[in-house]
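Fold and contact review
One-letter residues, chain by chain:
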Amino acid sequence: MATITRVLQVSTGSLSLPGGNIPFWGFADALRVIPQLPGPIIEATAGDRILIFLMRNFFRPIGEPISILFPGQENVLVRKIPGGPFILEPVKPQYSSGKIISFTNFLDELQDLIIEYSFIARKAGIYLYESGTNPEKQIQMGLYGIIIIRPPGYNNPGHPNFKTAYGTDTNSFFDVEKILVLSEIDSVMHNDVLPNVYYDMLKFKPDNWVINGRSFPDTVNEDNNSSQPYGSQINCRVGQRVLLRIVNAGLQNHTLNLGGFVGLVVAEDSFPLKTSTLDATYEKTSLTLGSGQRMDIIITPNASGEYYLFDRGYHHLVNNDHFPGGMMTKINVSS
Amino acid sequence: MPVIDLWAKDGYLSTPDGNSIYFWGFSKSETGPAQLPGPHIVARQGETININLYNTLTEPVSISFSGQSGIMADGQPVQPQYTDGKLLSFFNHAEPGGMVSYTFTPSFPGTFIYESGTNPHKQVPMGLYGGMVVRPADYNPDAREFKTAYGAGTDTEYDREYLLITWEIDPDMHQAVEEGKPYQVSKFLPRYWTLNGRCAPDTMLMDGLDYLPHQPYGSMIMGQPGEKILMRYIGAGIENHPLHPHGTHTRVVAVDGRLLRNENVDLSFKRFTVLVGAGQTYDQIYQWDDLGYTTQNPIPTILPNLRNMGVGDAGWTMWSGSPYLGVKGDIPVGVVSYNEFGEYYFMLHSHEELQITNWGEFPGGMMTMVAIYPSLSPAVGILE
Ligand SMILES: [Cu+2]
C-alpha cells in the first residue's frame, strides 16, 4: 500500500467565463502555484494512505482561515505546525467563544505554516474534497476538488479489477472515463466577496452553470494549463463502455440528461449497486443530483455521431440568457 | 406504420383565476388547436412509428424523444444542428413553415417525454412537450396478464392508467415571447404549476371540455377499491416537483421508461412522495384497499363543520361529504348532494405547497384528486 502525498495551497485567481473574468478562490498544487477549478484531481488506490499538506500561501492568500473536508472518508487525522496538534489526532469541528467556526481543523495563515490531513482510502469511488470553513462562501468561491479511489489492480491488465470503477463483478468495467463536476457560479458574489467579511448568502443568484468549472462552449475544449484545466468533451467509439462520473459540487440540484442515451447507474455516492448477492443497477435517461451527490453511469453508444449531455433544467443552458451555453457538453462517437 | 402529425403552433391557455396566457404547443392537425401537453403518443414496442412535425412558429422547432434510439430524421440519423458553427438544435429541426419527419422503433415499453430540442430553455417552458406511452409487444387489454405496463410476468398489471405531466408557468416569460421582448430566463419565476397543462381545480374536470380547447386532458384519477391504478408521471418543467397521493403509497415500478427489475430481482420500491425530476418519468402502481372496506363494511364518516365543507355555490363543494361508500348523512341547506356516486376522494398534489396555489392563492396549481368509487365503468382510465 502506497502513500499518496499532495501539497496544496489555497490561492486567489481569475476564472474566464462567457461574461468576462471574475475572481475566485481555488486549490492549487503547491508546485504549480496556479489555483484551479475544480481543484487538482487526487488519485489513489483503495488501501493507500492519502496525505495532504495544506500550506500557507505567502503570495496570494485568500485572507481567511482555510481547511479541507473529505466527505465519504473515515478516520481523517490531522496535525498542524506550529499551531498544533503536533501528534496526529482525529479532525474535529473548531469553535471560537462557543460558536462553530469550522467543520474541521483549519489553517490560520496569519500564524500557521502547514496543516496535514491524512486518511486511508478505504473504498473505491469518486469523492469530493472541499472547504470546511465558511463553506457557504468558500465552496461557491471555488474551493472544491475530486478524489478518485481505484480498486486494486485497476491498471493491471489481466487483473479482474482491470479498468473497473468498483472492482470485478460490479458491472463497472469501462473503456473511457470522464469526470463531470457540476456547479453554478454567481459572478456578482465573486466580485463582491471580501475575506473575513460577512457575505449575505440570501443574495446568492448564480448566473453561470458549469461542468468542470467551464460553461459551454468552453466545456468542449481540451484540457489545458489554465485555472479551468479540465475539459468535458467525451470521445469514444461505438460499442465502448463510457463511464461518466457525475459529481454535484454546487449549492443547487442539477439534472443531467444523457443526450438521448440510456445510462446504467452502477454506483450512487460511491456505493456500487451491484454486489455479489444483488444487482440493483438500473437505467436512466436523466439523473437528478442533489448537492454533494455523486453517480457513476455507464453508457454504451450504439451509433456514431454527436450527442449533447446537458442540464435538463433548461434555464441552465444559457450564457447571459442566450442558448446555447452553461451546463452542457458533447459526446463524439466515432465508428 | 402508424403516422402521427404534430403541428407546432401558438395559442392561449386558461387558468382558473381568469388569466389567459400565450403559449406554444403541439396540435394534432393543421386546423386543430395547439394543446398542452401535446397530443399523447401511444406506440407499441417493436413497431416503427413515423412522426411528422409541421412548424408554424417563427423559429425552428425539433423534437427529442428521450429513451429512444435509432431515430431517423428524413431518412438520416438525427444529429445536432448548427448555424454559423453555433449550436441551434440538439436534433434535426423544421424551419418556420417547414416540416421534418422522424421515424423510430421503440425497443422498450414505458413512459417517455417528447419535447422540443431547439432553444429548449424557451420552447419547453413555452409548452412544446408531450407524453409518450409505449405498450409492451405482448400488450392485450382484454387479457389480465397481458394488460401490463412492461409485459407479462413483470408484475405491472393494471386495471386503469393515468398520465400526469408536471410543468410550471412564468406568465412574464410567456408575455415577453408574445410581445417579442427579450426572453430573460435568468428571471424565471413560476406563478402557476400545472398537471396535464391545467391548474387546480380545472385538473379535476373532464377531458375535452369546450371551454378549455387548448388543455384537453383532465387529471382526475378514478378507480375502485383494490384496483391497480397505474400512474405515469412525467416531469416536463424545468423544476422538480414532489408529488404524492393520499390514501396509500405508490409502488414505483419503472423510471425513465425502464423497468426496475434485473432478471428475477425486483427493484421496485414504495414511496410516499416521488420527486418528479425535470425530464424524467416514474411509473407507479397505486392500490387502495385500506380500512378494511367492503360493501358490507362501509366506512362511517363524521360530518365536519359545515364551514369546512362548503366551497363555492350551492351544489358545489370540494369535500366529497358523508358518507364514504356508505349511508348518506344530513345534507346542509342549499346543497343538493355531496357525492352522488358514494365515492371517496384522496388528494394528489405537489408537496411543495406554494405549488398548490394559483399565483399564491390556495387552492390551485399542482393538485388533483384520486376518487375511489364503489363501482365504476371499465371505460374510465384508458389512455389512447
Ligand atoms: Cu398531502
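Here is a short report on the structure shown in this document. (Residues numbered from 1 in each chain as written. Chains lettered and ligands numbered in written order. Predicted model: local features only at pLDDT ≥ 70, side-chain atom pairs only at ≥ 80, totals over all residues. Heavy atoms only, no water.)

Here the focus is the sheet that holds strand 19 (residues 241–245) of chain B. All names here are of chain B. Spatial strand order, 17-28-27-19-25: five strands in an open sheet with mixed pairing. The open sheet has two edge strands, strand 17 (221–223) and strand 25 (274–276), and neither has a second partner. For this sheet, the mean inter-axis angle between neighbouring strands, taken without regard to orientation, is 20 degrees. (Pairing = 2+ DSSP bridges. Helix = DSSP H or I, 4+ residues; strand = E, 2+ residues; numbered from the N terminus. Axes fitted to C-alpha atoms, helices over the stretch in contact; angles between N-to-C directions.)

All names here are of chain A. Of all seven residues in strand 12 (residues 144–150), seven are buried; the element is thus mostly enclosed. Judged by which residues are buried, strand 12 turns out to be covered on both faces: Tyr-144, Ile-146, Ile-148 and Arg-150 on one side and Gly-145, Ile-147 and Ile-149 on the other are all buried. Two elements, strand 11 (residues 125–130) and strand 12, share six bridges in a ladder whose sense is antiparallel. Of the residues in strand 12, the one forming a bridge with Tyr-129 is Gly-145. (Buried < 20%, exposed > 50% of the residue type's maximum accessible area, 1.4 Å probe, protein only.)

Let us now look at the interface of chain B and chain A. It is common to give the size of an interface as the accessible area lost on bringing the parts into contact. The partner chain A presents 34 residues to the 40 residues of chain B that form the contact. Taken together, both faces of the contact between chain B and chain A bury some 3,000 Å²; the carbon and sulfur share is 55%. Taken together, the links from chain B to chain A amount to three salt bridges. Ionic pairing is found between Asp256(B) and Lys284(A), a salt bridge with its closest N-O pair at 3.3 Å. Run the count over chain B and chain A and you get 18 residue pairs in polar contact (both at pLDDT 80 or more). Breaking the side of chain B that touches chain A down by element, the ones donating at least two residues are strand 10 (86–89), strand 13 (110–115) and helix 1 (120–123) of chain B. Ranked by the residues each element gives to the side of chain B that touches chain A, the list is headed by strand 10 of chain B, at three residues. Residues that form the side of chain B that touches chain A fall into these classes: 19 nonpolar, 17 polar and four charged. (Contact = heavy atoms within 4.5 Å. Buried area = accessible area lost by both parts, 1.4 Å probe. Salt bridge = Lys/Arg side-chain N within 4 Å of Asp/Glu carboxyl O. Polar contact = N/O pair within 3.5 Å; in protein donor to acceptor, adjacent residues only side chain to side chain. Nonpolar A, V, L, I, M, F, W, Y, C, P; charged D, E, K, R; others polar.)

Looking now at the coordination of the copper ion. Residues and elements named next belong to chain B. Coordination of the copper ion by the protein is provided by His-244 (NE2), His-246 (NE2) and His-349 (NE2), with metal-donor distances spanning 2.0 to 2.1 Å. Of note, the donors binding the copper ion are all from one chain and are spaced H-x1-H-x102-H. Accessibility expressed as a relative area gives 3% for His-244, which makes it buried. His-246 gets classed as partly exposed once you look at its relative accessible area, which sits at 32%. (Donors = N, O, S within 2.8 Å, 3.2 Å for Na, K, Ca; no water.)

All names here are of chain B. Judged by how many residues are buried, strand 15 (residues 160–169) sits mostly within the fold: ten of ten residues are covered. Going residue by residue along strand 15, you find Arg-160, Tyr-162, Leu-164, Thr-166 and Glu-168 tucked away on one face and Glu-161, Leu-163, Ile-165, Trp-167 and Ile-169 tucked away on the opposite face as well. With seven bridges joining them, strand 15 and strand 18 (residues 229–235) adopt parallel strand pairing. For Tyr-162, the partnering residue across the bridge sits in strand 18 and is Met-231. Both strand 15 and strand 16 (residues 192–195) contribute to a ladder of four bridges, which runs antiparallel.

So, to be careful, I would describe these as geometric facts and stop short of saying anything about function.
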